[in-house]
Structure formats: structure tokens, C-alpha cells
Amino acid sequence: MPTQILIPGTAAPNQWHALETSGVLEELHSVVNGLTPAQAAERLAQHGPNRIEQVAHTSLWARVLRQFNNLLIHVLLVAALVTLWLRDYLDAAVILGVVVINAIIGFVQEGKAERALDAVRAMLASRATVLRGGERHEIDAADLVPGDVVLLESGARVPADLRLLRTKNLRIDESALTGESVPAEKDAEPVAHDAPLGDRLCMAFAGTTVAVGQASGVVVATAAHTEIGKIGTLVSDVQSLSTPLTRRLDQFARQITLVIGVVSAITFLYGHFIGGLPPLALFLAVVGLAVAAIPEGLPAIVTITLAIGTAAMARQRAVVRRLPAVETLGSVSVICTDKTGTLTRNEMTAVRVMLARRTLDVTGVGYAPEGGFHHDGSTQDPAQDADLQRLARCALLCNDAQLHHTPEQGWVLAGDPTEGALLSMALKAGLDSVEDASLTPRVDEIPFESEHRFMATLHHDHAGRVFALLKGAPERVLSLCTQDLQGVPLDASAWRARMNDAASRGQRVLALAECGLPVGTRALTMGDITPRFTLLGLVGLMDPPRAEAIQAVVDCHGAGIRVVMITGDHAVTAAAIGREMGLRDGQPLTGAEIDRLDDAALTARLAQTDVVARASPEHKLRLVATLQAEGKLVAMTGDGVNDAPALKTADIGVAMGQRGTDAAREAADLVLTDDNFATIAGAVREGRTVFDNIKKSLLFVLPTNGGEAGLILLAVFAGLAMPVTAAQILWINMVTSITLDISLAFEPAERGVMQRPPRPAAEPLITRWMLMRVVFVSLLLMGACFFVFNWQLARGGSLEMARTAVINMMVVGEVFYLFNVRSFTATAFTRDTLLGNPVAVWTSAITLVLQLLLTYAPPMQKLFGTAALDAPTWGVIGALAAAMFVAVEAEKAWLRRRGVQHI
């Protein structure tokens, strides 16, 4: 299909790539010598500076106050006011301390979008070289305007979006913007108006870097109108989503507040109008009921559990930037991952060598010269393979790249990635770059240029032999070859078939050749490059997937998590990588298709494949939104500035720490310090463990609140004295319960945690089976405490002794129940369950010591209204707690018989 070129006056603002250079200059009222200073000043006033405007940051006090805009925090503040009214200053201080800790955490973690936008802003160059009135000037890049002619050279950062006018051997690294792992070869020829971003070869985009070559280009977009500026706009427009945990906690807070309010009102009305209780005594009872029912320690427990999960992830090279992100990873059902640098190493590697009579597979990944050569499954000795040695020597000598090793960074490339891959292959073949360069020194060269698509070097050895080496695009090199290494006339069609096969596997193919030249030749000219070369072979290169990433995808699939690869690379390359990763690659979805499809059609099309190619930042945003609209919890991984908007809009964004841009890291919730997709599988496991432990904490703390509230309700409706005071309830809730509950944050993963599907997004925090457990244990605790209270009074004990017995019954029952709740349904009658968590053993011992102090220490007796207990009372408490333990184990056995493994 011929390229559709636009004529002047018909180009949309984003279609400069489809105009001839003359048409672009005409549209912009500019010339090749640039604008005059007067024109530039006038346009600067019209268009504004070339910088992404800084949005107004949220004020400090607004961010502080926002941390208290949460219903559970409101409930806690009410509880604090009640305890202050009761003059229980210690417990009021504890509750307020919990509120303040949560507020500090939220305050520190805010401002992600602002920092992400700052990082995108920093991608713009600070200085630019322009032509103004035909004279060369270096100016502040912020002063660039549309119509300015900019000069580019190797190493420069492109300061604005440019339509290239002239190029010389220009290659630009666009990986941060498009995801391409190899610098794009640029020229000034127009392309089709609907060409994707990565195929606009006549454009240079702001924020990208010139890898090699020189060029001039006219500015067509500045500031927020550049492609990178649009990404900044996307980042600022994206609204942060709440996490599954925060949504569930908010829902739980609303539910428990409603229940407490309704039950308290019913209790007061019943006690006043039917029970005839005094209003003040009744009010104190209702206050005690509310304090009993509120899980004051829950925010602290959740925060501590998340913090412990954060520490565990950090040990696995995953740094959490927001605490709820720990749990969110365990909830995701889809991981949308970038390809370059995430699934792959972003290091080109020679994977196939095609010689005249056979094809060799090359092992090893990246630039490290580690690996070997294999043919039909058998290892080849490169030193004994003359044909391979000649090809490898050409790859070594016709090469400007250098590899060096450092203890900190490993093998580091200085030069072009493609040449680095060829150099690594030559070293795998046993060659020595220093020795071979001294034996056959380079005398002259013709550098690679896009016009002739090859690089040639002239060498001589110490015996006087002179020869030229050639490396370049296969079609061009094949046209210059007359024979292969065996001396057989070149069968171009057969070599093209091999080349096409490699290309279909996502490999970039280069051809290498050599020819002898007359003795005494000291210079290499284009006249020497004629059809007289011997073809040494073809080399297939690609940015291969990490081996550990392949296994991580398998682990994710086993956990019921779909992996979707979204990349700016070509569809063929993306499909080849997807195939190796074990993804569905049969019909890759492209950015052009995404633009054509409506939402319903896109949903159906996305269900057919796990590979998306030629995707722009807008496409990534739409894909994430499409998956979220299906009710999926989406994680997005990436490392480029082009990934920042999608990283922020996803339920959890995962950025790469080493190769990742600042924009990606600032937009993400989780940063992988080793840039390894495989780390995500471990993070998912940790996330699921964290959520399991939060559920175990709820299973532990809610029956305590339920038992206390039920005890007070029973006393009010039966017209009895209060079995426990508000201060004593707060002791149980804020001291002993939290002390015991913290140990559950250290629980290891449940067996089979990565073999179960992700939790449904709509699943409530308290499931049906959990609610049944909470009610069951609440009734057990309430019954045991009511029995102990009445038994103590019946044997002549004082009200203080009876209440002390109730407190100890509640706490000892909690200690026994702690070992029940360490597993959801598995039996607790194992050594691992009883002793496998040392923290649980220690917190149980500490709790029992605290209870003894509460019971026997005179200051505590005075403060909390307790009294000493005798041995028979302790015996009854121990027996009832053991009976509770056996009853819960019986309930777990019943669940196992019903096939319930996880509640």
C-alpha cells in the first residue's frame, strides 16, 4: 500500500510526519535557516515557554485534614471523645495515637501524581542549539517556539517535537517513549499519516536521546503539545484509584458503624422504656456497648501487617511506595506488563547464526559473553569450527562497541546495542578483542549510514594480506555477495528464506561478509564496495525474554492471574516474545486496531490475545480502563515515561528501579530494584499472604468485640449488673488484643496460596464463612464469660472479682483462640501450628504476664477496678478456654469435610 502523503494546508496538528519538508516549513511559516529573532520573540509570546507547566500542589493543611476523612477514623475519634468524657485519659491517648499514626502514613504517601508530573517535566532538555536568522545559537530550551530549526548531534536530548529536515546517520533512542529496545533509524522522508508513533521515522520527539548521528529539524510542537507533554497531561488527569483493601475497610467501617448505631439505639430504648433502668446508668451501658463493639485497634493492626509485608517485599527486591499496595498485588487478576526491560533485559543478544550449510543456536542472555553454540541439540566447539570463526571475527572487527566488566554492574556496553550483541557473540566464540585487533588492525572504515545501510572496515594482517569486512542489512549485503563460504555461487533466494524465517521469530537479522583487496590498499571508498564479497552468514538478534520471567508467567497463570504484554514494539517482535513467554500470541492486537474499535469490540478483541503491539500511552490507558470495566483488578508494569499514566491509573503500578525513568518510578506503587518480572510473582505471593493475615486479624479481633458487646447486651436485657466496665473493655481491646493480634502479621503463607484464583473484586472483607466463624466464637466467648461472671457471684465473690474473672476469661480465651486462627481451616493439632510462629508464643506469654499484673498489682487494681482471683477461678477459666479451642477445631473439621479450604 503506497504511503499517503499530505499536501500543505491539510495536516492535522499531529500529522507533520505525513508532509514533505517543504510543506512543513510552509505550514509553519519558517525556512531552513530558521526564524528571525523578532519572529521567535513574537511566537514565544503567543505559544508560551517550552516547559510543562507546574500544577498547583495541594496545600499542606488540606493534605493533613484529608487524612481524617475516613469513617473508621471518625468512629475512633468518637471513641476517643467518649473515653475522655469518662476521664480515661490513658486509653483516650492510645486511641488518638492510632489516629495520628494513620494520618502520618497517609500524609507521607500522598503527592504521587505531583511527583510523577515533576519527573515527566524533567525529561525535557534544558538547552538547545538553533538557527536564528541563519546563525547558530545555543539557547534555553524553554525559549523554543514552533518554526525554530534545531540542530541535533550524538548524545543530545531532543528539546521539542521536531520534523526532521536533514539527517546524517541518525539513530535516536526512543525506548522510554515507545518501548523500542533498539535506537530507531531516522530520515527526513514523510510516512503515512496513520503511522504509529514508533514508525514516524521523520520525527524526533522531545525527551528522547540521539544515540548517533546528526540532524536538523523544525519544531512542530512544544511544552504540553509534545508527545511527552501529552503524557504529563495524562498523568495529571488520571485520578488515583482506591485499593481493594481500602475499599473493603471503608465498606466494613460503614457497616460496623451502622450496626453499632442501631444496636445502641435499640438497647437504650429497651432499657429505658421496658427495663426501667436509670438514664445515666443506661447511657454508661450504651457507651460501654459502643466502645466494646468498635475495633479500635484495627487500623493499627492493618498498618503493622502491611508494614511487615513491606519489609518482606523489600528483602525480595520490591520496594513498596504505598502501604496498601502490598495487599493489592495479592488481589490482582490481570498483570499488564511492558516488554522492553521488564519481560526482557533490554539487551540485544545474538540468538541464531546462519552459516552456509547449517544453523546454530546461540545461548546466553544479554551482553555477558557467557553461553555457547548448539546444532540439533548438540554443543559445538567454536574453536574447531572454521566457518563460525570467520563470521565471529568479522563481527568482532567490523564493530565500534566495547564491553567491560565491573563488579557492581556486571557487563556494561559502551556503544550501539546491536554491535554489543555481535561483540558478545564473538567473545562466546573464543575470540579476544585486544589480540585480534592487534593481529589485524583496522586501517580505514566506512561508517554505517541509512543511505547505504552497511558498515565496512579495512584491515591488514602482519603477513601483508589486506581485506574488507562488511556488516549491514541483509538485503543490501546479499546484493554485494557473489558466493558463500564454501565457494558456491550465492543462492540469494535460499538465504532470503532463512532471513524471513528468523524475522518471523521476531529476530533482527544482520548479514556479514568479507573480500580480499590488493596488497597496499590503505583507504576504503564506496568504489571498493562492489558485488565481489563472500557471504560469511547471517546473525539473528533479539532482546530475549528473561528465563526467570518465563517461569514467573507460569506461576502467575497457576495463580489464576492473566498476563498481558503491552508494548510499543512491532507486532511480529511482540508476538515472538509473547510466544516464548507462554502468552496467547496468535492474533496480536495493535494500536491501530485499538483506535478503530469501540469499547465493546475492544473488550471482545482483547479477550482473544495476550499480546498488544504498537501501543501508545493513550492506548495503554484505554486497555487498563477496559479491563477494569470488566471488574478486573489490574496491575501495570513498566519502565518508560510512556508507562507513567497507565502505572498511575492501574489498581497497582509496578515500575522498574534500575532502568526505569523517574516518571515511571514516581507514578508507581511498587518499584522492583532488580528490574525483574519474576520478582512480581514473589510479590503477589507476599501480597496474598498479607491479605490472609489481615483476614486472620479480623477473625481474631472481631469475636472479642462481639463477645464483649453481646455480654453487655445480655446484661441490659436481663436487667443485671454490667459484667465489665468501659475502661476494662478498652484494656482488652487496646492492650491484650493488639498484643496478640500483632503476632498474626508474622504468619507464613498458607499452603497453596499461589494455586487459588484471585479474590473477586466485589468480595466483601468479611465473607460468609468468616462471619459464621466470628458469630460462633463470639457466642462461645460471651457464654463462657457470662458463666464465669455468674459463677463467681454465686460463690460469694464481689462484683470486682466477678468482673476480673470476666476479663481474664476473655483474654485467656483469646490466647487459646489465637492458635486456632493461625490457619483458616487446617487443624491446629500440629507442631507447626502450635510452635511455628515464635512471635505468637512470645506475645501469648507477654499477654498472660499483663493479665497477672492487671489482676494482682495494686495500682492496676485501683485504676481498672480489679481484684485478686483464687486458684479454682483460674481452673474454671483454663477449662473453658480449652473447651473453646476444641469447639473451634471441630468447626474447622466440619468445614474441611465440606471441601472449604479457604474462608
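In what follows, the accompanying structure is described. (Residues numbered from 1 in each chain as written. Predicted model: local features only at pLDDT ≥ 70, side-chain atom pairs only at ≥ 80, totals over all residues. Heavy atoms only, no water.)

1. Topic: the pairing of strand E4 (residues 161-173)
Rules: Here's how the labels work: a residue is buried when its accessible area is under 20% of the maximum for its type, exposed when over 50%, partly exposed in between, all with a 1.4 Å probe on protein chains only. Comment: elements are numbered from the N terminus, with helices defined as DSSP H or I runs of at least four residues and strands as E runs of at least two. A pair of strands counts as paired when DSSP detects no fewer than two bridges linking them.
Burial analysis of E4 places ten of its 13 residues in the buried class, which makes it a mostly covered element. Pairing geometry for E4 and strand E7 (residues 209-221), over ten bridges, is antiparallel. Paired with Lys168 across the strands is Gln214, a residue of E7. The pairing of E4 with strand E6 (residues 203-204) spans two bridges and is antiparallel. Bridge pairing in E6 links Leu162 to Ala204.

2. Considerations on the pattern of salt bridges
Let me state the cut-off plainly: The salt bridge definition used is simple: a Lys or Arg side-chain nitrogen within 4 Å of an Asp or Glu carboxyl oxygen.
By the definition in use, this model includes 30 salt bridges. Note that Asp501 is salt-bridged to Arg505, the shortest N-O span being 3.3 Å. Relative accessible area serves as the criterion here: at 32%, Asp501 is assigned to the partly exposed category. Across the pair Arg546 and Glu548 runs a salt bridge, and its minimum N-O distance is 3.9 Å. Arg546 sits in the buried class, given a relative accessible area of 6%.

3. As for the nonpolar core
One recurring pattern in soluble globular proteins: nonpolar side chains tend to sit buried together. For clarity, the threshold we go by: Buried Ala, Val, Leu, Ile, Met, Phe, Trp, Tyr and Cys residues that are joined via side-chain atoms within 4.5 Å together make up what is termed a nonpolar core. Here, residues are in contact when the closest pair of their heavy atoms is within 4.5 Å.
Formed by 110 residues in total, the largest nonpolar core has its most connected members in Met313, Ile335, Leu670, Phe677, Leu699 and Ile903. Take this core: its biggest share by element is 17 residues, from helix H26 (residues 678-718). Residues in contact with Ile335, not counting those within four places in the same chain, are Cys556, Ile561, Arg562, Val563, Val564, Ala635, Thr637, Phe677 and Ile680. One finds Ala350, Leu360, Met425 and Ala429 within the second-largest nonpolar core, a separate group that totals 35 residues.

4. Examining unusual backbone geometry
Phi at Asn169 is positive, roughly 50°, even though this residue is not glycine. Since its relative accessible area comes to 13%, Asn169 is described here as buried.

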